Amino acid sequence: MHIRRILAAVIATAALAGLGLTGAATATAATTKGAPSYVTPSQCKEGGGEPRIDLPGNPCVGGTHNGESVD
């Protein structure tokens, strides 16, 4: 009888831990889809990119800020 209680507690703990992990993953995915980020022309250049304000959306092309809008 004692073993059944321990086993039930272990299973319940594992199930709750699994729900916690999926909740954390969902929260992380939700925060990464936030508002679009903007960089200054100098930040774009410092990151190795080229600010292309002549293209739609004014993207930074190349470098670490590739695809981010230049503001």
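For the structure, see preceding data.
Residues numbered from 1 in each chain as written. Predicted model: local features only at pLDDT ≥ 70, side-chain atom pairs only at ≥ 80, totals over all residues. Heavy atoms only, no water.

Covalent bonding between the sulfur atoms of two cysteines defines a disulfide. Counted according to the given criterion, the structure contains one disulfide. Paired by a disulfide, Cys 44 and Cys 60 hold their sulfur atoms 1.9 Å apart. Here the disulfide of Cys 44 and Cys 60 is right-handed, its torsion about the S-S bond being about 90°. Of the two residues, Cys 44 sits in helix α2 (residues 41–46) while Cys 60 sits in strand β3 (residues 60–61), which places them 16 residues apart along the sequence. Overall, the relative accessible area of 1% leaves Cys 44 in the buried class. The exposure class of Cys 60 is buried, given its relative accessible area of 1%. (Disulfide = S-S within 2.5 Å. Helix = DSSP H or I, 4+ residues; strand = E, 2+ residues; numbered from the N terminus. Buried < 20%, exposed > 50% of the residue type's maximum accessible area, 1.4 Å probe, protein only.)

All right, on to the pattern of salt bridges then. Overall, the coordinates contain one salt bridge when judged by the stated rule. Here Arg 52 makes a salt bridge to Asp 54, at a shortest N to O gap of 3.0 Å. Judged by its relative accessible area of 56%, Asp 54 falls in the exposed class. (Salt bridge = Lys/Arg side-chain N within 4 Å of Asp/Glu carboxyl O.)

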